[in-house]
Amino acid sequence: MSILVSMGDPKKSKILTAARSVFLRYGYKRVSMNDIAEAAGVSRPALYVLFKNKEEIFVGVFLQWVDEAVGAIQKEISTVATPEEKIERAFEIWAVRPFEMMMTSPEAKELAECSFPFAQTSLREGYKKFETTIVPVLASLAERHPTRELMAPEQIAHVLASAVRGFKQTATTPADLRQLIRELLMLCFSHALSDTKAGRRTPLKR
């Protein structure tokens, strides 16, 4: 299911914000449409005018969080100079901070991982938005080291995002996840640097 949420609609935004607090407190399965309507200060019929069911609201909450995270990333990476710092800051916001919430709240894990079958299309959409946000940073790294034949920035963004998504399944603490991300980025960036300095061109098999 793909849900397009109008973030410019104040009524929808208010309901989604209220729904997020309810989902984080009680978890998706325990929350009813009545709970959401009460938290948002609207009637149940009015709620159904804007959202057809609880699944659509949950997806809307997730996409709202994605937009907020992407906005925070764009603001944060504008404050640092190097591509390495920008990518590390991006993953801190996208992966580490939600992981910190997940460690203390199963309900937060439901929202951050968005693992329900009905939400998979929106989960992919969310990751695509994040990848698109870091593509310009990766492109600037490639421009800085033009003698190294790298994958396209879009491919690198997808590989990094997918790898970090897997790290969240194996990391035991936020510090552990942060270190795994740091080592992945060191591996990625140092490989580009070392090949550039050596003057090697090692095309990747496609």
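Here, the structure is the one placed above.
In this text the structure is predicted, and so the values were computed from the model without any measurement.

Draft legend 1. View of the side chain of Glu-131. Examined against the element boundaries, Glu-131 turns out to sit in helix H7 (residues 120–144). The side chain of Glu-131 is buried and forms no salt bridge, while Lys-128, the nearest opposite charge, is found at 4.8 Å. Of note is the side chain of Glu-131, whose polar atom sits 3.1 Å from the side chain of His-158. The residues touching Glu-131, leaving out its near neighbours within four places in the chain, are Ala-157, His-158 and Ala-161.

Draft legend 2. Spotlight on the nonpolar core. In terms of nonpolar packing, the biggest core is built from 61 residues, with Phe-23, Ile-36, Ile-57, Phe-91, Trp-94 and Ile-181 touching the most fellow members. When near neighbours in sequence (up to four residues on either side) are disregarded, Phe-23 contacts Tyr-28, Val-31, Ile-36, Lys-54, Ile-57, Phe-58, Val-61 and Glu-107.

Draft legend 3. Seen up close, the pattern of salt bridges. If you walk through the whole model with that rule in mind, you get 6 salt bridges. The partner of Glu-88 in a salt bridge is Arg-182, and the shortest N-O contact between them spans 3.1 Å. Here Glu-88 is found in helix H5 (residues 83–104), whereas its partner Arg-182 is found in helix H9 (residues 174–198), with 94 residues between them in sequence. Glu-88 sits in the partly exposed class, given a relative accessible area of 31%. Exposure remark for Arg-182: the relative accessible area of 29% places this residue in the partly exposed category. Salt bridges linked by common partners bring Glu-92, Glu-100 and Arg-178 together as one network.

Draft legend 4. Region of interest: H7. Counted at 1.5 Å a residue, the expected span for H7 with its 25 residues is 36 Å, and the 36 Å between its end C-alpha atoms agrees. Along H7, the helix axis deviates most sharply at Val-135, where the bend reaches about 35°; the proline Pro-136 sits within four residues downstream.

Draft legend 5. Expanded view of the packing of aromatic side chains. Throughout the structure, instances matching the rule amount to 13 aromatic pairs. Ring centres 4.8 Å apart and planes at 45° place the aromatic pair Tyr-28 and Phe-116 in the tilted group. In this pair, Tyr-28 sits in the loop between helix H1 (10–26) and helix H2 (33–40) while Phe-116 sits in the loop between helix H6 (106–113) and H7, placing the two residues 88 residues apart along the sequence. Each member of the pair, Tyr-28 as well as Phe-116, carries the same accessibility label: buried. An aromatic cluster is defined as three or more aromatic residues linked by ring pairs; in this entry it consists of Phe-62, Trp-65, Phe-91, Trp-94, Tyr-127 and Phe-130. When the ring centre of Tyr-28 is taken as origin, the NZ or CZ atom of Lys-54, which lies over that ring, is 4.2 Å away.

Rules used throughout
Residues numbered from 1 in each chain as written. Predicted model: local features only at pLDDT ≥ 70, side-chain atom pairs only at ≥ 80, totals over all residues. Heavy atoms only, no water. Helix = DSSP H or I, 4+ residues; strand = E, 2+ residues; numbered from the N terminus. Buried < 20%, exposed > 50% of the residue type's maximum accessible area, 1.4 Å probe, protein only. Lys, Arg positive; Asp, Glu negative; His and termini not counted. Salt bridge = Lys/Arg side-chain N within 4 Å of Asp/Glu carboxyl O. Polar contact = N/O pair within 3.5 Å; in protein donor to acceptor, adjacent residues only side chain to side chain. Contact = heavy atoms within 4.5 Å. Core = buried A, V, L, I, M, F, W, Y, C linked by side-chain atoms within 4.5 Å. Expected span 1.5 Å × (residues − 1). Bend = angle between axes of the 7 residues up to and from the residue. Phe/Tyr/Trp six-rings, centres within 6.5 Å; stacked < 30°, edge-to-face > 60°. Lys NZ or Arg CZ within 6 Å of the ring centre and 35° of its normal.

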